[in-house]
2 protein chains.
Amino acid sequence: MSFTYKYPRPALAVDCVIFGFDHTQETPELQTLCIERNIAPFKGKWALPGGFVQMDETLDAAAARELKEETGIENVYIEQLYTFGAPDRDPRGRTVSVAYVALVNLEKHHLDAGTDAKSAAWFPINKLPILAFDHKLVVKTAIERLRGKVRYQPVGFELLPDEFTLSELQMLYETILERTFDKRNFRKKIDGYGLLIETGGMRRGKPNRAAKLYRFDSKRYKALEKHGFLFEL
Amino acid sequence: MSFTYKYPRPALAVDCVIFGFDHTQETPELQTLCIERNIAPFKGKWALPGGFVQMDETLDAAAARELKEETGIENVYIEQLYTFGAPDRDPRGRTVSVAYVALVNLEKHHLDAGTDAKSAAWFPINKLPILAFDHKLVVKTAIERLRGKVRYQPVGFELLPDEFTLSELQMLYETILERTFDKRNFRKKIDGYGLLIETGGMRRGKPNRAAKLYRFDSKRYKALEKHGFLFEL
DNA sequence: TTAAGTTAGTGTAAAATTAACACGAACAAA
DNA sequence: TTTGTTCGTGTTAATTTTACACTAACTTAA
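Just so we're clear, the structure is a prediction, and the values are computed from it rather than from any experiment.

Draft legend 1. Structural detail: the packing of helix H2 (residues 135–152) of chain A against helix H3 (residues 166–177) of chain A. Residues and elements named next belong to chain A. In the contact formed by H2 and H3, the axes pass within 9 Å of each other and the chain directions differ by 140 degrees. Taken together, the axes of H2 and H3 are oblique relative to one another. Crossing hand, H2 versus H3: left-handed. Each of Leu 146, Arg 147, Val 150 and Arg 151 in H2 lies in contact with H3, whose residues at this interface are Tyr 173, Ile 176 and Leu 177.

Draft legend 2. Geometry of the interface of chain B and chain A. Listed per partner, the contact involves 36 residues of chain B and 36 residues of chain A. Taken over both partners, the interface formed by chain B and chain A buries close to 2,900 Å², and the fraction arising from carbon and sulfur atoms is 61%. Broken down residue by residue, the surface that chain B buries against chain A is led by Met 55, Arg 92 and Arg 94 of chain B, which jointly contribute 20%. For the pair chain B and chain A, the interface holds 10 residue pairs in polar contact (both at pLDDT 80 or more). Of all the secondary-structure elements, those providing two or more residues to the side of chain B that touches chain A are strand E1 (11–21), helix H1 (59–71), strand E5 (77–84), strand E6 (95–105) and helix H2 (135–152) of chain B. Looking at the side of chain B that touches chain A residue by residue, the class counts come to 19 nonpolar, 9 polar and 8 charged.

Draft legend 3. Seen up close, the protein's contact with DNA strand D. Taken together, 22 residues lie near DNA strand D, and Ser 167, Pro 207, Asn 208, Arg 209 and Lys 212 of chain B sit nearest. The contact in question runs from a phosphate oxygen of DNA strand D to an N or O atom on the backbone of Lys 212 of chain B, over 2.8 Å. Within the residue set of the surface near DNA strand D, elements represented by two or more residues are helix H4 (183–193) of chain A together with helix H4 (183–193) and strand E9 (211–216) of chain B. By residue class, the composition of the surface near DNA strand D is 5 nonpolar, 4 polar and 13 charged.

Draft legend 4. Quick peek at the packing of aromatic side chains. Residue and element names in this part refer to chain A. The tally for this structure, following the rule as stated, stands at 23 aromatic pairs over all chains. Seen from their ring centres, Phe 181 and Phe 186 are 5.5 Å apart, and the 55 degrees between their planes marks the pair as tilted. Per residue, the accessibility class of Phe 181 equals that of Phe 186, and both read buried. An aromatic cluster of three or more residues is present, and its members are Phe 157, Phe 164, Tyr 193, Phe 216, Tyr 221, Phe 229 and Phe 231. Above the plane of the ring of Phe 181 lies Arg 179, whose end atom (NZ or CZ) is 3.9 Å from the centre.

Draft legend 5. A look at unusual backbone geometry. A cis amide bond links Ala 40 of chain A to the next residue, Pro 41 of chain A, at an omega of -5 degrees. Note that Pro 41 of chain A resides in the loop between strand E2 (30–36) and strand E3 (46–47). Look at Phe 133 of chain A: it is not a glycine, yet its phi comes out positive at around 50 degrees. Its place among the elements puts Phe 133 of chain A in the loop between strand E7 (120–124) and H2. Since its relative accessible area comes to 17%, Phe 133 of chain A is described here as buried. The residue Glu 178 of chain B is not glycine, and still its phi comes out positive at about 50 degrees.

Draft legend 6. How the structure looks around empty space enclosed by the protein. Per the stated rule, a full pass over the model turns up 2 cavities of 30 Å³ or more. Considering only enclosed or pocket space, the largest cavity measures out at about 60 Å³ in volume. Contributing to the lining of the largest cavity are Tyr 77, Glu 79, Val 101, Leu 103, Ala 142, Arg 145, Leu 146, Lys 149 and Val 155 of chain B. Elements with a contribution of two residues or more to the lining of the largest cavity: E5, E6 and H2 of chain B. Sorting elements by how many residues they give to the lining of the largest cavity places H2 of chain B first, with 4 residues. In this structure, the second largest cavity is lined by Tyr 77, Glu 79, Val 101, Leu 103, Arg 145, Leu 146, Lys 149 and Val 155 of chain A.

Draft legend 7. Focus on a positive patch on the surface. Residues Lys 183, Arg 184, Arg 187 and Lys 188 of chain A make up a contiguous surface patch of positive charge. Residue placement: Lys 183 of chain A occurs in helix H4.

Draft legend 8. Spotlight on the relation of the copies chain B and chain A. You can overlay chain B on chain A at an RMSD of 0.0 Å; the transform is a turn of 180 degrees with a shift of 0.0 Å along its axis. Accordingly, the operation relating the two chain copies is best matched by a two-fold axis. Comparing interface residues between copies, 100% of those in chain B also sit at the interface in chain A, which points to an isologous, same-surface contact.

Draft legend 9. Representation of the protein's contact with DNA strand C. Taken together, 22 residues are adjacent to DNA strand C, and Ser 167, Lys 183, Pro 207, Asn 208 and Lys 212 of chain A come closest. Here the atoms of DNA strand C within 4 Å of the protein split so that 42% fall in sugar or phosphate, with bases taking the remainder. Between Arg 184 of chain A and DNA strand C, the recorded distance is 3.4 Å, taken from a side-chain N or O atom to a base nitrogen. Within the side chain of Asp 182 of chain B, one N or O atom sits 3.2 Å away from a base nitrogen of DNA strand C. Put simply, the parts of the chain that give the surface near DNA strand C at least two residues each are H4 and strand E9 (211–216) of chain A together with H4 of chain B. When the residues that make up the surface near DNA strand C are grouped by side-chain class, the tally is 5 nonpolar, 4 polar and 13 charged.

Criteria and cut-off values
- Residues numbered from 1 in each chain as written.
- Chains lettered and ligands numbered in written order.
- Predicted model: local features only at pLDDT ≥ 70, side-chain atom pairs only at ≥ 80, totals over all residues.
- Heavy atoms only, no water.
- Axes fitted to C-alpha atoms, helices over the stretch in contact; angles between N-to-C directions.
- Helix = DSSP H or I, 4+ residues; strand = E, 2+ residues; numbered from the N terminus.
- Parallel < 35°, antiparallel > 145°, perpendicular 65-115°, else oblique.
- Left-handed = near helix turned anticlockwise from the far one by under 90°.
- Contact = heavy atoms within 4.5 Å.
- Buried area = accessible area lost by both parts, 1.4 Å probe.
- Polar contact = N/O pair within 3.5 Å; in protein donor to acceptor, adjacent residues only side chain to side chain.
- Nonpolar A, V, L, I, M, F, W, Y, C, P; charged D, E, K, R; others polar.
- Near = heavy atom within 4 Å.
- Phe/Tyr/Trp six-rings, centres within 6.5 Å; stacked < 30°, edge-to-face > 60°.
- Buried < 20%, exposed > 50% of the residue type's maximum accessible area, 1.4 Å probe, protein only.
- Lys NZ or Arg CZ within 6 Å of the ring centre and 35° of its normal.
- 1 Å grid on protein atoms, 1.4 Å probe; cavity = no way out; pocket = protein on both sides within 12 Å on 5 of 7 lines; lining within 4 Å.
- Points joined across faces, edges and corners; volume = space filled by probe spheres on them.
- Patch = residues over 30% accessible without salt bridge, like charges linked within 9 Å, V, L, I, M, F, W, Y side chains within 5 Å.
- Areas by Shrake-Rupley, 256 points an atom, 1.4 Å probe, with all protein chains shown as cover.
- Salt bridge = Lys/Arg side-chain N within 4 Å of Asp/Glu carboxyl O.
- Lys, Arg positive; Asp, Glu negative; His and termini not counted.
- Charge placed at Lys NZ, Arg CZ, Asp CG, Glu CD.
- Least-squares fit on C-alpha atoms with pLDDT ≥ 70 in both.

Dropping the structure here:
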């Protein structure tokens, strides 16, 4: 390969902020998956899963690969967040990191599925440990992005199981946005978008009235999206 | 410097989508500044201003530096957009580019101010020339970001001169969002935010009634922003 | 089997916001 | 002084958002 630009280059990494939500908890919290580093720098400290970009893969592919390698998670919603490039953010030398956000349902993604899972753990976003590098800033940026995004794009469903109840959906939004919604108004609004399909199933097992299960109609959303459809919560 | 990661690294560049708006035109269009490349690859083709990131500068600094070097523009609004990393996007070899968006007022930023200005030109976003690399995609992404952002954050003012009329402001929003607003409703809404200050000056010179000049109260906006203030158009 | 406890599911009315709409005032040029 | 053009201003109807309470359905324990 002939490349005219031969000056020193920063190393290029990807890091993933993985948001997990457990709809089975009474008072669920938004959680983030962290990895305990077993090499220097920051050996023994918690950090976001991530690693270096290879020469022949896209950034998205690198993020998906690292996600799978370090946590066992794959086939989930993932999108680019922001690129962090402070010259001193990695003590080993100049490293620029393209951060990604992934959304998963906690029930589906048990940690024991991961290759390297012993050193991984979920932390509620309000009780994060001290993180390596500038990962605290990365998580903060990711939370802001999620809060902004969830209001005008129906990505919240990515945090729920395929089938969910309306109460679970409401709880999810209340958790992310740190506010409450009126139950009837919330249902009216969601109903108005026509994006949920009753599956016919019911959520049973708790000592109260069973709740109908729904799934998100992503086909219909994609069709509407093209014609300038606006989701807003 | 001891750096444990010694594998091949992508080159790292920054590119700038500079949006310019000329409020003096009768039917203004949003424009983008392009540079005619004088080196291979894509020699003689139009491209976004940009260049490689140096080892000791932040990404923001690299974007600001390239902006100044290639266009003479400095001290303007600039923010990171997205990072493009398709393996084949640069024929010289793997190059990842962190794209930025800058907003300027066309009247203020004449091209002759730039060092290298002879090869730079503004193009209306609907009449862009064929662009080098994946810069068409970069511009498309930038337009989408601008359209989304302008509606819930008062960044539009960056495209106007310091003092502007309400009609100019309305025309700006109509141009960006490709829709019209009712004059009285638009003014009512803008007025409601209390973010404009009458400067006392008037825009004269046209054969019609003179218009009051305003400036954006960025101090007040910053103060309100902290307490969860919402701008929305 | 029945009672107690808990969450699911549903409608209406008031308040707030948004949308529609027209004309006299002010200025420059002819 | 007339003409052409943009500036600046309120009200009403329509729509959207908010506030609010009870019965239904299920499980568990008595």
